[in-house]
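Here is how the chains run, residue by residue.
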Amino acid sequence: MRLQNKVAVVTGAAQGNGHAIALAYAREGARVVIADIQLFKAEETVGEILAAGGRAIAVAVDVSRRDQVEQMVVRTLDEYGQIDVLVNNAGIADAHRFLEYPEEAWDRIINVNLKSVFLCGQAAARHMTEHGGSIINIASLSAERGFPRLAGYGPSKAAVKQLTKVMAIDLGRYKIRVNCIGPGNMITEMTEAFRASATINEQFLQRTPLGRWGEPEELTGAAIFLASEESSFITGTTVWVDGGYLCW
Ligand SMILES: NC(=O)c1ccc[n+]([C@@H]2O[C@H](COP(=O)([O-])OP(=O)(O)OC[C@H]3O[C@@H](n4cnc5c(N)ncnc54)[C@H](O)[C@@H]3O)[C@@H](O)[C@H]2O)c1
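All residue numbers here refer to positions counted from 1 along the written sequence of the relevant chain. Owing to the predicted nature of the model, reporting of local features is limited to residues with pLDDT of at least 70; listing and counting of side-chain atom pairs is limited to 80 or more, with chain, interface and lining totals taken over all residues. The basis for every side-chain value is the complete set of non-hydrogen atoms in the structure, without hydrogens or water.

**Looking at helix H3 (residues 66-80)**
What counts as a helix is a DSSP run of H or I of at least four residues, what counts as a strand is a run of E of at least two, and both are numbered from the N terminus. Multiply 1.5 Å by the residue count of a helix minus one, and that product is the helix's expected span. The end-to-end C-alpha distance of H3, which contains 15 residues, comes to 21 Å, matching closely the 21 Å that a straight helix rising 1.5 Å per residue would cover. Accessibility here uses a 1.4 Å probe with only protein chains present; expressed as a share of the type maximum, an area under 20% marks a residue as buried, one over 50% as exposed, and anything in between as partly exposed. Listed in full, the buried residues belonging to H3 are Val69, Met72, Val73, Thr76 and Tyr80. Projected down its long axis, H3 shows its buried positions confined to an angular sector of 90°, all on one face. The positive-phi residue at the C-terminal boundary of H3 is Gly81, with phi of around 80°. Think of it as the arc spanned by the lines of direction from the helix axis to the C-beta atoms.

**Considering the site of the ligand**
In the region of the ligand, 30 residues are neighbours, and Asp36, Asn89, Tyr153, Met186 and Thr188 sit closest. For the ligand, an oxygen atom lies 2.8 Å from a polar atom in the backbone of Asn17. We call two N or O atoms a polar contact when they sit within 3.5 Å, provided that within protein one can donate a hydrogen and the other can accept it, with sequence-adjacent residues counted only if both atoms are side-chain atoms. A distance of 2.8 Å separates an oxygen atom of the ligand from a polar backbone atom of Met186. Burial of the ligand by the surrounding chains reaches 94%, relative to a free accessible area of 830 Å². Looking at the shell around the ligand, the elements with two or more residues in it are helix H1 (16-27), helix H4 (103-128) and helix H5 (153-171). Gly is placed with the polar residues, together with every amino acid not listed as nonpolar (Ala, Val, Leu, Ile, Met, Phe, Trp, Tyr, Cys and Pro) or charged (Asp, Glu, Lys and Arg). Here the shell around the ligand is built from residues that sort into 13 nonpolar, twelve polar and five charged. Think of it this way: one heavy atom of a residue within 4 Å of a molecule or strand is enough to make that residue near it. Note on areas: these come from Shrake-Rupley sampling with a 1.4 Å probe, and a residue is covered only by the protein chains present in the view.

**Some remarks on the nonpolar core**
Put simply, a nonpolar core is a bunch of buried Ala, Val, Leu, Ile, Met, Phe, Trp, Tyr and Cys residues held in one set by side-chain atoms that sit within 4.5 Å of each other. One finds Met72 and Ile135 to be the most contacted residues of the largest nonpolar core, which totals 34 residues. If you list the elements that add at least two residues to this core, you get strand E1 (7-11), strand E2 (31-36), strand E3 (55-60), H3, H4, H5 and strand E6 (176-183). The leading source of residues in this core is H4, at eight residues. Contact partners of Ile135, with chain neighbours within four places excluded, come to Leu86, Asn88, Gly121, Ala125, Met128, Met167, Leu171, Ile176, Arg177, Val178 and Asn179. Of all hydrophobic cores here, the second largest spans 32 residues; its members include Tyr25, Ile49, Ile138 and Ala223. Note on contacts: a residue pair is in contact if any heavy atoms of the two residues lie within 4.5 Å.

In structure tokens form, the structure reads like this:
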């Protein structure tokens, strides 16, 4: 087991990509904090982990709120006494044509997708300075490519990728590594509408050399690797798990 004796906080782990990563971490021996705004679903994820013989707790948090993020860290330390791994996975997508993009929606997406990485990263890293750790941020193809109607999502993810580098530089002296995973088009609730659109679906499949959507479980190899000692000299980088989409 590659994450034995580690404590991992995974935000947005009630469903989708975060859910898959949390289950995989528990299988590798980590004690996992399922941190999500949807407490009921987070508790269901905990139930799955416990049923499989793992250890986990659920914590209700809005990752864009400093007070709640600090509570998440306090709760984790109360329960498990340490934080070794933080996965900044919680995120939202909101699509509007640029001219009609509501300011409130833009602020919300920047706060949930980007400010959360700053808040959770800072709160967890303040504890990790004592013994080192691994922070994994979740970016997107939107960090590298323009997509229509994603004037909030795209810039938020480009900034997450950039923030990863700055955090890696500032936190390296504390033996805290900070990396990013860039998922391609994965089958989750977030992408339901894209898969339902014949045009978008066709475009995505044509531009993905492997010719299909990814399953959330396919992110877990990179997520385990970056959390474990196997990646002990890797920091500040982005690992693309995208079926080759960015080859174009
Ligand atoms: N699905 C994809 O194709 C894809 C591609 C690239 C990147 N991503 C990124 O992966 C991450 C997970 O996305 P997903 O596809 O699993 O989406 P999802 O909608 O299935 O899951 C997102 C999770 O985040 C939680 N969440 C949302 N806002 C929150 C908040 N303010 N505080 C705490 N939790 C909150 C939700 O409750 C949910 O459990 C996101 O950062 C997303 O941008 C997804």
